[in-house]
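Observations on the model geometry
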Amino acid sequence: MLDRLGNLERTHTCGELRESNVGEKVVLMGWVAKKRDFGVLTFIDLRDREGITQIVISEETDLVAHEKAKIVRGEYVVAVTGEVFSRAEGTHNKKLATGDIEIHVHEILILNDAKTLPFELEKAGSQNLASEDLRLKYRYLDLRRPTLQHNIRMRAKAVREIRTFMDGLGFTEIETPILLKSTPEGARDFIVPSRIHSGKFFALPQSPQILKQICMIAGLDKYYQIARCFRDEDLRADRQPEFTQLDVEMSFANQEMVFRVIEGMFNSVLRLIGVELPAQWPRMTYAEAMRRYGSDKPDLRFEMELQDLTANLAGTDFAPFASVIEAGGEIKAITVKGKADYSRKQLDELQEFAKRYGAGALAWIKIGEAETTSSLLKVLGEEKIGELANAAGAEKGDAVLIIAGRKPVVAASLGALRIEVAKRENLIDRTAYKPLLVTEFPMFELDEESGHYMAAHHPFTSPMDEDLEMFRIAIEDESQHHLLGNVRAKAYDAVINGYECAGGSIRIHQKEIQALNFKALGLTPETARERFGFFLDALEFGTPPHGGFAAGIERTCMILCGTENIRDVMAFPKTASAQDLMMDSPGNVDPHQLDELGIKVV
Ligand code: ASP
């Protein structure tokens, strides 16, 4: 028989009581995290969201309570009334905030029982967890784990901090609709059929991009929103089909003004974990980031920069390198300090890793104590190998890893290898936080398959003033179309520790340039009108210069919580294959719902 709570109220949480409370009569409620039965004495670890308190039920103190305690099992919900005692000498638990005290119980109420859990919550840290799929199916149980409790609350704190910061700067929080029209962020839309307008569809926002720009046209001046975004992409490990971002737009703003908001916002959020970032973050152009780190989101917690060996190999008769150079490619290297003892097997593994990013092969040089060895020794000779090692900044004891190929492939593979090696060799200072603003992103990306230029950010991003002339020429003169690849945009990303945590741009606010941009993207005036007519109209009624950014809430919380798993910072995430295992969705719908919508599943 279960007890009733009646009017009983908690006096304290399970994380609260200390030595100074000894002697107090208290009421605690929570879940049974653990029970140990020693005959006359029963110990219970009682858990709520604040922590764990040790409960002692003794035959001597109360016979009824002691009998009841025998029934209690893991995850039963109980209320206990008792007195705070200092723990006996030698039994204090330093690992527990409440480890100096225990409650000697007078009364115990069993408020609910619980079936045996399908998995153990948290044994020794997060290493020993049950499979993630099982935990997602029983998400309400997984969420009971202290780690997730902490993360979910940290997320709430971060969002509150963001709101306080943005409000303080005079930004207005404005909600925009979820039932919307297609927004161009480069992903597939989730679409929602309209019942009232049969055969027509809404799209869920990939972001509130167009609406926040319209807020600027509407004179709202400073907008923000904690906005839910939906993108139907093939998921990568750290993506979710729906996610949340701090979405910001401001009028009469230049890049530096936007940067001050980004810096201030992240700096105040990072203070939640006691991290003080520099008031002004370092800035780096996209071109420099790609050249030095092979990445537009470099992790600056360690060095190991990419070294260019192309000039040293000019005129080489080693065919694989010669053909790369002739085709305009490059040969670059990273130097791994103290790893002249890389084994054949390790080098093979690194080569396999680099190949996943498109590299053809991984060449190496090892400067050992006695001799220098290299996969290139036979073809390039001792002297050249020495020169290359030198150019790569390698010294005795170091290893040089070399990749040749097309520029994007070398950047992607060597950039990824740089991080992989840093992880393997433990070169990353886990206590460091290194922010960076990456600027001057390319305006367009060439889609290799179709040969078309696509918006690298989104089609409302402004080209850099310096590149405006080139932009015009590239569009007006068919033969100069390739110049689009060189046009830089007023687009930027905020990066912390190698994670892109925000991105944005100064927008096009003049309709001529917007029209040019649509042309560059291959949109006919008719298609542009059909898709964004309302927006083009709005642009004609006095649009102020404006710009903004969006910061990923999940990404930010991952940094705050020190996790690389996006699902650790969301209450109800989907799996990597976009399913909700708890609710079992997506699922079927009633045939009559489909009839109403005029939809047939084929
Ligand atoms: N709408 C962009 C995004 O969601 C951010 C921005 O340009 O403000 O990535």
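One numbering rule holds for all chains: residues counted from 1, following each sequence as written. Totals for whole chains, interfaces and linings use all residues, but because this is a predicted model, local features are given only for residues with pLDDT of at least 70 and pairs of side-chain atoms are given and counted only at 80 or more. Only hydrogens and water are set aside; all other atoms, that is, all heavy atoms of the structure, feed into the side-chain values.

1. Quick notes on the nonpolar core
As a reminder, the rule being used: To define a nonpolar core, start from buried Ala, Val, Leu, Ile, Met, Phe, Trp, Tyr and Cys residues and group those joined through side-chain atoms within 4.5 Å. Buried means the residue's accessible area, taken with a 1.4 Å probe over protein chains only, is under 20% of the maximum for its type, while exposed means over 50%, and partly exposed covers the values in between. Numbering of helices and strands starts at the N terminus; helices are DSSP runs of H or I of at least 4 residues and strands are runs of E of at least 2. Contact criterion: two residues are considered in contact whenever any of their non-hydrogen atoms come within 4.5 Å of each other.
Residues M166, L246, I262, M265, F266 and F549 are the most contacted members of the largest nonpolar core, which totals 42 residues. The element best represented in this core is helix α6 (residues 255–270), accounting for eight residues. The residues contacting L246, other than those within four sequence positions of it, are I162, M166, Y224, Q225, I226, M265, F549, A550, A551 and I553. Counting 24 residues, the second-largest nonpolar core is a separate cluster that includes M284, V438, F444 and A491.

2. What to know about the sheet that holds strand β12 (residues 307–308)
So the rule is basically this: For two strands to be treated as a pair, DSSP must find no fewer than two bridges joining them. Interaxial angle, 0 to 180 degrees, is taken between N-to-C directions of lines fitted to C-alpha atoms, where a helix line uses only the stretch in contact.
Spatially, the five strands line up as an open sheet ordered β12-β13-β16-β14-β15, and their pairing is antiparallel. At either margin of the open sheet sits one strand with a lone partner, and together these are β12 and β15 (372–374). For strand β14 (residues 363–367) and strand β16 (residues 399–405), the ladder comprises four bridges, and the chain directions are antiparallel. Bridging across to β16, I365 finds its partner in V400. In this fold helix α8 (residues 319–326) packs onto β13 (330–336) and β16, with an angle of close to 120 degrees to the strand it touches most, β13.

3. Quick look at the pattern of salt bridges
As a reminder, the rule being used: Salt bridges are identified by distance alone: a Lys or Arg side-chain nitrogen within 4 Å of an Asp or Glu carboxyl oxygen.
Tallied over the entire structure, the rule returns 43 salt bridges. With a shortest N-O distance of 3.3 Å, E349 and K345 are connected by a salt bridge. Pair noted here: E349 and K345 are both in helix α9 (residues 344–355), with a separation of four residues, about one helical turn. Here D467 ties to R488 by a salt bridge, and the two come within 2.8 Å at their closest N and O atoms. Of this pair, D467 sits in the loop between β19 (453–455) and α12 (468–476) while R488 is found in the loop between α12 and β20 (491–496), placing the two residues 21 residues apart along the sequence. According to the relative accessible area criterion, D467 is buried, its value standing at 5%. Given the relative accessible area of 28%, R488 is considered partly exposed. Within the structure, one salt-bridge network assembled from shared partners comprises R135, R139, D142 and R145.

4. Looking at helix α10 (residues 377–391)
We apply this condition: The span one expects for a helix is its residue count, reduced by one, times 1.5 Å. In this analysis the local bend is the angle between axes fitted, respectively, to the seven residues ending at and the seven residues starting at the residue.
If you check α10, its first and last C-alpha atoms are just 16 Å apart, much less than what 15 residues at 1.5 Å a residue would give, namely 21 Å. The sharpest bend along α10 measures roughly 75 degrees and falls at E383. Those residues of α10 not exposed but buried are L380, I385, L388 and A389. On its buried side, α10 packs onto α8, β14, β15 and β16. Where α10 ends, the next residue or the one after it, G393, has phi of about 75 degrees, a positive value.

5. Brief notes about the side chain of S268
Of note, S268 is situated in helix α6. S268 has contacts with E161 and F165, leaving out every residue within four places of it along the chain.

6. Remarks on helix α5 (residues 209–217)
Extensive coverage of α5 is indicated by the burial of seven of its nine residues. The set of residues buried in α5 consists of Q209, I210, K212, Q213, C215, M216 and I217. Buried residues along α5 sit in contact with β9 (222–230), β10 (242–251), α14 (525–539) and β22 (546–552). Count one or two residues on from α5 and you reach G219, which has phi positive near 80 degrees.

7. Considerations on the site of the ligand
The cut-off we apply is this: Being near a molecule or strand, for a residue, means having at least one of its heavy atoms within 4 Å of it. For this analysis, a polar contact is any N or O atom pair within 3.5 Å, provided that within protein one partner can donate a hydrogen and the other can accept it, and provided that sequence-adjacent residues contribute only side-chain to side-chain pairs. Think of it as three bins: nonpolar holds Ala, Val, Leu, Ile, Met, Phe, Trp, Tyr, Cys and Pro, charged holds Asp, Glu, Lys and Arg, and polar takes everything else, Gly as well.
By nearness alone, 14 residues border the ligand, and E185, Q209, K212, H457 and R507 come closest of all. E185 places a polar side-chain atom, nitrogen or oxygen, 2.6 Å from a nitrogen atom of the ligand. In the model, an oxygen atom of the ligand is placed 3.0 Å from a nitrogen or oxygen of the R231 side chain. Those elements that provide at least two residues to the shell around the ligand are α5, β21 (499–506) and β22. With three residues, β22 is the largest single contributor of residues to the shell around the ligand. The residue inventory of the shell around the ligand, partitioned by class, reads two nonpolar, eight polar and four charged.

8. Some words on the state of the cysteines
For the record, the criterion: Note on disulfides: each one is a pair of cysteine sulfur atoms within 2.5 Å.
Under the defined criterion, the tally for this structure stands at zero disulfides. A disulfide-free cysteine, C215 has its sulfur positioned 14 Å from the sulfur of C229, the nearest such atom. Of the cysteine sulfurs around C501, a residue in no disulfide, the closest is that of C557, at 11 Å.

9. What to know about the packing of aromatic side chains
The criterion, for reference: Any two of the Phe, Tyr and Trp rings considered here, Trp counted by its six-membered ring, make a pair once their centres fall within 6.5 Å; the pair's planes then place it as stacked at under 30 degrees, edge-to-face at over 60, or tilted in between. We count a charge as sitting over a ring when the NZ of a lysine or the CZ of an arginine lies within 6 Å of the ring centre and within 35 degrees of the ring normal.
Scanning the model with the defined rule gives 13 aromatic pairs in all. On the basis of an interplanar angle of 40 degrees and a centroid distance of 5.8 Å, the ring pair of F266 and W281 is categorised as tilted. Of this pair, F266 sits in helix α6 while W281 sits in the loop between α6 and β11 (283–285), and the two are 15 residues apart along the sequence. Taken together, the ring pairs connect F460, F518, F532 and F535 into an aromatic cluster. The ring of Y138 carries K137 above its face, with NZ or CZ at 5.4 Å from the centroid. One Lys or Arg, K222, reaches over the ring of F171 and ends 5.5 Å from the middle of that ring.

10. Looking at the sheet that holds β22
If you trace the eight strands from one edge of the open sheet to the other, you get β6-β9-β10-β22-β21-β20-β17-β11, paired in mixed fashion. Two strands in the sheet have a free side with no partner beyond their single neighbour: β6 (172–173) and β11. Contacts from α5 reach β9, β10 and β22 within the one sheet, and its direction differs from that of β10 by about 25 degrees. Packing of helix α7 (residues 286–293) onto the sheet brings it into contact with β11 and β17 (435–439), and relative to β11 it is tilted by some 85 degrees.

11. Points about the pairing of β22
Burial of β22 is extensive: seven of the seven residues sit out of reach of the surface. What you see with β22 is no split at all: H546, G548, A550 and G552 on one side and G547, F549 and A551 on the other are buried throughout. As defined by bridge partners, β10 adjoins β22 across seven bridges and the pair is classed as antiparallel. The residue bridging D247 from the neighbouring strand is A550, located in β22. As defined by bridge partners, β21 adjoins β22 across five bridges and the pair is classed as antiparallel.

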